[in-house]
Amino acid sequence: MTDLEDLTNGILNLTITYRRQLLSYNNDTFRSALKSIRDVSRITIACFESDEARRNFLVAIAEAGMDTEEYMWIMIESRKAGFGQQIDVEPLNSTAEFIADVKQKMTEPPYNCNDCTDIDPVRFTGTVIINQNLSRDPVFYVWGLNTSDQEVVLMKITGALSVEGVVISEMQPPSVIWVNHGGSPPLNRPHCGFDGKACPPSFVEQYLAVTLASIAVGLVLIAIIAAAVIYIMRTKRKEQERLNLLWQIPFISLQKPNQKDTTSHSFFTLGNDSIVARKHKVRTLMNKNDCAALRKVKG
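If you look the protein chain up in an unreviewed UniProt entry, it shows as Receptor ligand binding region domain-containing protein from Ancylostoma ceylanicum. Listed in UniProt under the heading Subcellular location (unreviewed entry), the comment for the protein chain reads: "Membrane".

Given below as structure tokens:
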């Protein structure tokens, strides 16, 4: 992390807005850190030693709702573990010619090794670049996932730890590099700012009281109209029931005479009137039109 900070300190348009060393990797610690990050940045570089810490950090990111295209999360490490598999983009050069050349170089300044017959130059360290100060320049690879969730190298960063000496090479087209970010790099600052107040307020936000009052009046009007409709329908139904009573004869008011019924008719008396009723095998259901017609007959 120190090398990375030394490099970024030399870039005028790049500022580290938040830096924190985590002493524990529990959910409370991650939530606290993510809350602080949300308020100041959208591009975060994290370094964890264990896979468990990385997993817990990613889980905390998802739970905080920060696993969106708006954020960029970069995990740095030197173990070449990538997304769980050992990765290496540099071919291993173990030829006899290469080994002999390395041994020969070791006998020259500044090493001046007179007994270097036991040197094994084949190491799992990738490309070795020795600068003019006779120190090794770092080579960084940026890995990501494609649309098939397969890890691919996206960028290669080589050169000395100075702004002038760094070379960034894109190993994939932008459509592949930013496929998980909506096709374009994430913004350093959100459109509406980190607190969401940079965008002009909406009409509802500007006139909240008026909006709430309008909604309340609308709801009251709807309630009044609904109540009026229900009252009218109920009154109309009651009136129809009252009118139907004018021609309907309650069965309890009928008296049974001594005359016997036939197979198709029954005989009753209603006061001083004799009534003949026809028998039906099924109960006849009368609709509104039938009831209206009978009311007219009664009238």
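Moving on from the coordinates now.
Caption draft 1: Just the sheet that holds strand S7 (residues 167-170), in detail. In space, the three strands of this open sheet follow the order S5-S6-S7, with antiparallel pairing throughout. Of all strands in the sheet, those bounded by a partner on one side alone are strand S5 (139-145) and S7. Put simply, the sheet's adjacent strands are angled 25° from each other on average, direction ignored.

Caption draft 2: Quick look at the state of the cysteines. Across all of its chains, the model carries one disulfide by this definition. The disulfide partner of Cys192 is Cys199, and the S-S distance across this bridge is 1.9 Å. For the disulfide bridge between Cys192 and Cys199, the dihedral angle about the S-S bond is near -90°, and by the sign convention the bridge is left-handed. Residue classification places Cys192 among the partly exposed residues on the basis of a relative accessible area of 28%.

Caption draft 3: Structural context of the side chain of His181. Mapped onto the secondary structure, His181 falls in the loop between helix H5 (174-177) and helix H6 (203-206). Residue His181 is classed as buried on the basis of its relative accessible area, which comes to 15%. If we ignore the near neighbours within four places in the chain, the residues touching His181 are Glu69, Tyr71, Met72 and Pro186.

Caption draft 4: Local environment of the nonpolar core. Counting residues in each nonpolar core, the largest one holds 14 residues, and the members touching the most others are Phe30, Leu34, Phe48, Phe57, Ile61, Met66 and Trp73. Going through the elements one at a time, helix H2 (27-38) and helix H3 (51-63) are the ones with two or more residues in this core. Residues Met72, Val152, Leu154 and Trp178 belong to the second largest nonpolar core, which totals six residues.

Caption draft 5: Expanded view of the packing of aromatic side chains. As enumerated under the stated definition, the model contains eight aromatic pairs in all. The interplanar angle of 5° and the centroid separation of 6.3 Å between the aromatic rings of Tyr25 and Phe30 together place this pair among those described as stacked. Taking the relative accessible area as the measure of exposure, Tyr25 reaches 35% and is therefore partly exposed. Residue Phe30 is classed as buried on the basis of its relative accessible area of 0%. An aromatic cluster is defined as three or more aromatic residues linked by ring pairs; in this entry it consists of Tyr25, Phe30, Phe48, Phe57, Tyr71 and Trp73. Positioned over the ring face of Phe268 is Lys256, at 4.5 Å from the centre of the ring.

Caption draft 6: Structural view of the side chain of Ser41. Looking at the element boundaries, Ser41 is found in the loop between H2 and strand S1 (43-46). There is a polar contact of 3.0 Å between the side chain of Ser41 and the backbone oxygen of Ile43. Once residues lying within four places of it in the same chain are set aside, the contact partners of Ser41 are Thr17, Tyr71 and Phe194.

Quick notes on the rules
- Residues numbered from 1 in each chain as written.
- Predicted model: local features only at pLDDT ≥ 70, side-chain atom pairs only at ≥ 80, totals over all residues.
- Heavy atoms only, no water.
- UniProt positions renumbered as here; feature names shortened; annotations may be inferred.
- Pairing = 2+ DSSP bridges.
- Helix = DSSP H or I, 4+ residues; strand = E, 2+ residues; numbered from the N terminus.
- Axes fitted to C-alpha atoms, helices over the stretch in contact; angles between N-to-C directions.
- Disulfide = S-S within 2.5 Å.
- Buried < 20%, exposed > 50% of the residue type's maximum accessible area, 1.4 Å probe, protein only.
- Contact = heavy atoms within 4.5 Å.
- Core = buried A, V, L, I, M, F, W, Y, C linked by side-chain atoms within 4.5 Å.
- Phe/Tyr/Trp six-rings, centres within 6.5 Å; stacked < 30°, edge-to-face > 60°.
- Lys NZ or Arg CZ within 6 Å of the ring centre and 35° of its normal.
- Polar contact = N/O pair within 3.5 Å; in protein donor to acceptor, adjacent residues only side chain to side chain.

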